[in-house]
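Listed below, chain by chain, are the residues.
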Amino acid sequence: MNNTMVRSEGLSFSYPVYDDEGNKQGVNQVLKNVTLSVQKGEWVAILGHNGSGKSTFARHVNALLFPEEGTLWVNGIDTRSEEQIWEIRSSAGMIFQNPDNQIIASIVEEDVAFGPENLGVEPSEIRSRVDAALSTVNMRKYADRDPNRLSGGQKQRVAIAGVLAMKPACIILDEPTAMLDPSGRREVMDTLERLNHDEHITILHITHYMEEAARADRVIVIDHGEAVLEGTPKEVFAQVDRMKALGLDVPQMTELAYDLRKSGIDIPADITTVEEMVEALCRLKSKT
Amino acid sequence: MLRDITIGQYYPSGSIIHKLDPRVKIVSTLVFIVLLFLVKTFIGFALAILFLGSVVRLSKVPLKFILRGLKAIMFLLMFTVILNMLMTKGEVWLRLWIFTITKQGVYQALFIGLRLVLLIIGSSLMTLTTTPIELTDGIERLMRPLKKLHVPVHDIAMMMSIALRFIPILLEETDKIMKAQMARGADFESGRLIQRAKAMIPILVPLFLSAFRRAGELATAMEARCYRGDSGRTRMKELKYKKRDYIAYLVLILFAALLIATRHLPDIPAIIRSLMS
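Fair warning: this is a prediction, and the values are worked out from it, not measured in the lab. (Residues numbered from 1 in each chain as written. Chains lettered and ligands numbered in written order. Predicted model: local features only at pLDDT ≥ 70, side-chain atom pairs only at ≥ 80, totals over all residues. Heavy atoms only, no water.)

Observations concerning the overall build of chain B
Now for step 1: Within chain B, the regular secondary structure consists of eleven helices and two strands.
Now for step 2: Secondary structure elements of chain B occur, N-terminal to C-terminal, as α-α-α-α-α-β-β-α-α-α-α-α-α.
Now for step 3: Since a compact globule built from 277 residues should have a radius of gyration of about 19 Å, the 24 Å found for chain B marks it as more spread out than a globular shape.
Now for step 4: Of the contacts formed within chain B by residues at least 6 apart in sequence, a portion of 74% connects residues at least 24 apart.
Now for step 5: With an accessible surface of roughly 17300 Å², chain B has 71% of that area assigned to carbon and sulfur atoms.
Now for step 6: Of the side chains in chain B, 38 bear a positive and 18 a negative charge, and the two mean positions are spaced by 6 Å. (Helix = DSSP H or I, 4+ residues; strand = E, 2+ residues; numbered from the N terminus. Rg over C-alpha atoms; globule rule 2.2 N^0.38 Å. Contact = heavy atoms within 4.5 Å. Areas by Shrake-Rupley, 256 points an atom, 1.4 Å probe, with all protein chains shown as cover. Lys, Arg positive; Asp, Glu negative; His and termini not counted. Charge placed at Lys NZ, Arg CZ, Asp CG, Glu CD.)

Below you can see the structure in the form of structure tokens.
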């Protein structure tokens, strides 16, 4: 049994660029020779600043875009095999940034049912899938509400339930928390953690919040269409200089540790959370 | 302003009328409207009022709430009634300056007024007791036979339900854009009609832009969730007629038969008059 969920080899993609008169001026190379793989059950965060190509990569995984060069396999299927496109899209569900623009129906449960309805699932099976998906994201009691009256975090959880009802093996989230307030962000992140831990769903999380990326198993940094850094969050964030050179931040605590080390205090470089920082500082104090 | 329009609003009360199949309610409303134009006698109107009154009672929607919908068309109603009263020729009852009021005119005005009021109440009762999504489902099912004539029934229903979902979002956005422009000194309230209409252009442009952007994003999201039109699509809630729906159809047929029968009844005031003379 193959354990790879997503594998890309030499993936390249470009948009043509037009000037004001509509003449082709050149090409904007969005992805350059991206080779990476994501294991089943893994939680991978993809980091990169605006225009780095991270969203374009996400759209390839959902077969909304197709590779120009190179190949992308999702659950063992080449995304270019057109007859299996619906299988790819249902096994790799996608969540977008704006929760309003991805909810289709005006009742929560009808929206969650949209995916399985499109797949032609039996009505009774849809019912049980919808109930289960809404319970997983803790939105069961909102089943008959109007999505317009929910908070941003709740809307995004409904969108996640909508993808879950298609029984995906993998969920791709394209900056799902960018338009949410801190409490909405926490709701979505806790939901993701539950999905990854309890349901063993592979998560491909595109973000530019470093604190969110720190919760992943692995971080991949994309810059100008190339995968430039890869490793556990600690490994990646410890390279503070490299991250800054790429125009990215590191979690606050990592930055603090970096500054402390620069001033000659002996503290680990791979601290990412407040708890770790407290522990390290206490240990330091007991040593002196 | 938008709050006054009760047509298209939903009033949840969980009554038997709410639970009826949307198809029953759509068909009944259409039949009721057609019947209203066939009624020619007082008895007929009495029957129609009685019928509508009992349906309103069964729906548990407060009468006040339903009558609020009439406010929006009050002007139109008065205008029609008065015009009918003055313009109908016949047996003169009253002559005032250049106006003449005839017997036929009064009857005509009364009937037209009643017809309009019953029509508005009847159709708003349908939307008050049916959620928009049930309504579109009902319309989709009722129009299904048209599919054979290559009418894109499913697409029409999908468009309607998406429009319904985005109306509140776009209203909110209009409000936001207006406030943003008012904060920068835009004036929407003063000036003549043309000036005010011109002031709306800077609102419409960003609104359209964002509507198109939303449409694009929504289409991508639908594609990502495997939407491919009607083919191979199932529904979680298939509409199915229940016993109460058949009973409702039966009641409707009885009502229609009675109402048509009243057309062939002799005119009661005429009988009374002939008895008295």
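Digging into the overall build of chain A
Now for step 1: Within chain A, the secondary structure is distributed over eleven helices and ten strands.
Now for step 2: Relative to its length of 288 residues, chain A is compact, with a C-alpha radius of gyration of 21 Å against a globular reference of 19 Å.
Now for step 3: With respect to the principal axes defined by its C-alpha atoms, chain A has extents near 70 × 50 × 45 Å.
Now for step 4: Every one of the 288 residues in chain A was classed for burial, and the buried ones make up 54%.
Now for step 5: Counted over contacts in chain A with a minimum sequence separation of 6, partners at least 24 positions apart contribute 62%.
Now for step 6: Charge-centre separation for chain A: the mean point of 30 positive side chains lies 5 Å from the mean point of 45 negative side chains. (Buried < 20%, exposed > 50% of the residue type's maximum accessible area, 1.4 Å probe, protein only.)

Considering the sheet that holds strand 7 (residues 170–174) of chain A
Residue and element names in this part refer to chain A.
Now for step 1: The strand order across the open sheet built from six strands is 6-7-8-3-9-10, with neighbouring strands paired in mixed fashion. In this open sheet, the two edge strands, each paired with only one partner strand, are strand 6 (92–95) and strand 10 (226–231). Between one strand and the next, the sheet's axes are offset by a mean angle of 20°, whatever the strand orientation.
Now for step 2: Sheet topology note: the strand 3 (residues 43–47)/strand 9 (residues 218–223) ladder contains four bridges and is parallel. Counted as the bridge partner of Ile46 is Ile220 from strand 9. (Pairing = 2+ DSSP bridges. Axes fitted to C-alpha atoms, helices over the stretch in contact; angles between N-to-C directions.)

Concerning the interface of chain A and chain B
Now for step 1: On the side of chain B, 25 residues touch chain A, which itself brings 38 residues to the contact.
Now for step 2: Summed over both sides, the interface of chain A with chain B buries roughly 3100 Å², with 54% coming from carbon and sulfur.
Now for step 3: As a salt-bridge pair, Asp100 of chain A and Arg165 of chain B come within 3.9 Å of each other at their nearest N and O atoms.
Now for step 4: At the junction of chain A and chain B, the tally comes to 18 residue pairs in polar contact (both at pLDDT 80 or more).
Now for step 5: Contributing elements (two or more residues each) for the side of chain A that touches chain B: helix 2 (85–91), helix 3 (108–119) and helix 4 (123–136) of chain A.
Now for step 6: Ranked by residues supplied to the side of chain A that touches chain B, first place goes to helix 3 of chain A with eleven residues.
Now for step 7: Among the residues forming the side of chain A that touches chain B, the class breakdown is 19 nonpolar, eleven polar and eight charged. (Buried area = accessible area lost by both parts, 1.4 Å probe. Salt bridge = Lys/Arg side-chain N within 4 Å of Asp/Glu carboxyl O. Polar contact = N/O pair within 3.5 Å; in protein donor to acceptor, adjacent residues only side chain to side chain. Nonpolar A, V, L, I, M, F, W, Y, C, P; charged D, E, K, R; others polar.)

A short note on the nonpolar core
Residue and element names in this part refer to chain A.
Now for step 1: Ile160, Leu192, Val221 and Met243 are the most contacted members of the largest nonpolar core, which has 49 residues in total.
Now for step 2: In terms of residue count, helix 5 (residues 152–164) provides more of this core than any other element does, six residues in total.
Now for step 3: Each residue touching Leu192, except ones within four places of it in the same chain, is listed here: Trp43, Ile160, Leu173, Ile203 and His205.
Now for step 4: Grouped together as the second largest cluster of nonpolar side chains are 32 residues, Met5, Phe57, Ile206 and Ile220 included. (Core = buried A, V, L, I, M, F, W, Y, C linked by side-chain atoms within 4.5 Å.)

Remarks on the pattern of salt bridges
Now for step 1: This model, assessed by the stated rule, comprises 29 salt bridges over all chains.
Now for step 2: We note a salt bridge from Glu175 of chain A to Lys54 of chain A, for which the minimum N-O separation is 3.2 Å. A residue pair is termed long-range when its members are at least 10 positions apart, and Glu175 of chain A in the loop between strand 7 and helix 6 (182–198) and Lys54 of chain A in helix 1 (residues 54–61) qualify at 121 residues. Considered together, Glu175 of chain A and Lys54 of chain A belong to a single accessibility category, that of buried residues.
Now for step 3: Here Asp131 of chain A and Arg140 of chain A are joined by a salt bridge, their closest N and O atoms 3.7 Å apart.
Now for step 4: On the basis of relative accessibility, which here comes to 18%, the residue Asp131 of chain A falls in the buried class.
Now for step 5: For Arg140 of chain A, a relative accessible area of 45% translates into the label partly exposed.
Now for step 6: The structure contains a network of salt bridges with shared partners spanning Glu109, Glu110, Glu117, Arg127, Asp131 and Arg140 of chain A together with Asp137, Glu140, Arg233, Arg235 and Lys237 of chain B.

What about the sheet that holds strand 2 (residues 24–39) of chain A?
Residues and elements named next belong to chain A.
Now for step 1: With antiparallel pairing, four strands are arranged side by side in an open sheet as 2-1-4-5. Lying at the two open borders of the sheet, with one neighbouring strand each, are strand 2 and strand 5 (77–78).
Now for step 2: Bridge analysis of strand 1 (residues 4–18) against strand 4 (residues 69–74) gives five bridges, and the strand direction is antiparallel. Bridge pairing links Ser8 to Leu72 in strand 4.
Now for step 3: Relative to strand 1, helix 1 is tilted by about 120°, and along the sheet it contacts strand 1, strand 2 and strand 4.

A word on the pairing of strand 7 of chain A
Remark: a regular strand shows side chains that alternate across the two faces of the sheet.
Residue and element names in this part refer to chain A.
Now for step 1: Summarising burial for strand 7: five of the five residues are buried, a large majority.
Now for step 2: Both faces of strand 7 are covered, namely the face carrying Cys170, Ile172 and Asp174 and the face carrying Ile171 and Leu173.
Now for step 3: Alignment of strand 7 against strand 8 (residues 202–207), held across five bridges, turns out to be parallel. Note that in strand 8 the partner of Cys170 across the bridge is Thr202.

A closer look at the domain arrangement of chain B
Now for step 1: Annotation of chain B at the domain level lists domain 1 (2–130 + 241–276) and domain 2 (159–236).
Now for step 2: Measuring from the centre of the C-alpha atoms in domain 1 of chain B to the corresponding centre in domain 2 of chain B gives 36 Å. (Domains from an automatic or database assignment.)

Section: the packing of helix 2 (residues 22–36) of chain B against helix 6 (residues 103–129) of chain B
Residue and element names in this part refer to chain B.
Now for step 1: Where helix 2 meets helix 6, the closest approach of the two axes is 10 Å, and the angle between their N-to-C directions is 180°. For the element pair helix 2 / helix 6, the angle class is roughly antiparallel. Contacts between helix 2 and helix 6 involve Lys25, Ile26, Thr29, Phe32, Ile33 and Leu36 from the first element and Arg115, Leu118, Leu119, Gly122, Ser123, Met126 and Thr129 from the second.
Now for step 2: Its residues assigned to classes, the contact of helix 2 with helix 6 shows seven nonpolar, four polar and two charged. (Parallel < 35°, antiparallel > 145°, perpendicular 65-115°, else oblique.)

Notes on the pairing of strand 4 of chain A
Residues and elements named next belong to chain A.
Now for step 1: Across two bridges, the pairing between strand 4 and strand 5 is antiparallel. Counterpart to Trp73 in the pairing with strand 5 is Asp78.
Now for step 2: In sequence, strand 4 turns back onto strand 5 through a hairpin of two residues, with Asn75 there showing a positive phi of about 55°.

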